[in-house]
Amino acid sequence: EPEVTQTPSHQVTQMGQEVILRCVPISNHLYFYWYRQILGQKVEFLVSFYNNEISEKSEIFDDQFSVERPDGSNFTLKIRSTKLEDSAMYFCASSGGRDTGELFFGEGSRLTVL
Amino acid sequence: EDQVTQSPEALRLQEGESSSLNCSYTVSGLRGLFWYRQDPGKGPEFLFTLYSAGEEKEKERLKATLTKKESFLHITAPKPEDSATYLCAAFSFSGGYNKLIFGAGTRLAVHP
């Protein structure tokens, strides 16, 4: 069964460092997303991406964050100058259509900022 | 402000003891109501989509229903493998973009 894969599964970084989280969406999907879940809190939308550009982003997704699809398979989330409050589980998701909440999520990348 | 509220926060059931989880929502531009299952340390796994009041969807021991203000996830004769956090999410066009607004989830524990 096709699945979304994410790497790394866990990353520990020092405050102020840059982090890149990687995702391989399901191959025939066209819409890609990043969500995050701070420990004990709700899953929150960060950004959606289609046709090599950001289609939607939340208030959380400020200039510290960027996304990229550097090749035909990977989808990355870059966090510049990490802060303590960036510690969370980051989920990548993909879908076959835009107007759907039926997203396929990866297993997540746990980011710990010290 | 758009909001999705789930209750109870946690639910402990004996195997075979049926129950219901509640999701109430106040969302503008609602396009659909989704249920996901999340196992510890994993990403949400899609279960159901509901688009209109009165709609019902079933999958094995789970049945999801929708009214104009809330959704229920009914669990019939649960088994220990049904233990997970169940997330409700409203798919909304709000604030200028489409997004899934998740509730905090209900942690379900089914004991043999």
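Computed from a predicted model, the values in this text were never measured in an experiment.

A. Region of interest: the packing of aromatic side chains. Overall, the coordinates contain 16 aromatic pairs over all chains when judged by the stated rule. Between Y35 of chain A and F102 of chain B the ring centres are 5.9 Å apart and the planes differ by 90°, which places this aromatic pair in the edge-to-face class. In this pair, Y35 of chain A sits in strand β4 (residues 31-37) while F102 of chain B sits in strand β10 (residues 97-102), so the two residues belong to two different chains. The pair Y35 of chain A / F102 of chain B is uniform in exposure class, with both members buried. Members of the aromatic cluster, connected to one another through ring pairs, are Y35, F45, F91 and F105 of chain A together with F34, Y36, F46, Y51, F91 and F102 of chain B.

B. Quick peek at the pattern of salt bridges. A full pass over the atoms with the stated rule returns six salt bridges over all chains. Measuring nitrogen to oxygen at the nearest pair gives 3.1 Å for the salt bridge that ties R36 of chain A to E44 of chain A. Across the salt bridge formed by K57 of chain B and E55 of chain B, the nearest N and O atoms sit 3.5 Å from each other. Classification of K57 of chain B by relative accessible area gives partly exposed; the value is 30%.

C. View of the sheet that holds strand β8 (residues 70-75) of chain B. Residue and element names in this part refer to chain B. Read from one edge to the other, the open sheet built from five strands follows the order β1-β3-β8-β7-β6, with strand pairing classed as antiparallel. The open sheet has two edge strands, β1 (3-7) and β6 (56-59), and neither has a second partner. With direction set aside, neighbouring strand axes in the sheet form an average angle of 15°.

D. View of the interface of chain B and chain A. Listed as interface residues are 19 residues of chain B and, on the opposing side, 20 residues of chain A. Across the chain B/chain A interface, buried area totals approximately 1700 Å², and carbon plus sulfur atoms make up 55% of it. Between the two partners, chain B and chain A, sit one salt bridge. Taking the shortest distance from any N to any O, the salt bridge between E107 of chain A and K42 of chain B comes out at 3.8 Å. Across the chain B-chain A interface, the total number found is three residue pairs in polar contact (both at pLDDT 80 or more). If you list the elements that add at least two residues to the side of chain B that touches chain A, you get β4 (30-38), β9 (84-94) and β10 of chain B. At five residues, β10 of chain B tops the list of elements feeding residues into the side of chain B that touches chain A. Of the residues assigned to the side of chain B that touches chain A, the class counts are eleven nonpolar, five polar and three charged.

The rules we used
- Residues numbered from 1 in each chain as written.
- Chains lettered and ligands numbered in written order.
- Predicted model: local features only at pLDDT ≥ 70, side-chain atom pairs only at ≥ 80, totals over all residues.
- Heavy atoms only, no water.
- Phe/Tyr/Trp six-rings, centres within 6.5 Å; stacked < 30°, edge-to-face > 60°.
- Helix = DSSP H or I, 4+ residues; strand = E, 2+ residues; numbered from the N terminus.
- Buried < 20%, exposed > 50% of the residue type's maximum accessible area, 1.4 Å probe, protein only.
- Salt bridge = Lys/Arg side-chain N within 4 Å of Asp/Glu carboxyl O.
- Pairing = 2+ DSSP bridges.
- Axes fitted to C-alpha atoms, helices over the stretch in contact; angles between N-to-C directions.
- Contact = heavy atoms within 4.5 Å.
- Buried area = accessible area lost by both parts, 1.4 Å probe.
- Polar contact = N/O pair within 3.5 Å; in protein donor to acceptor, adjacent residues only side chain to side chain.
- Nonpolar A, V, L, I, M, F, W, Y, C, P; charged D, E, K, R; others polar.

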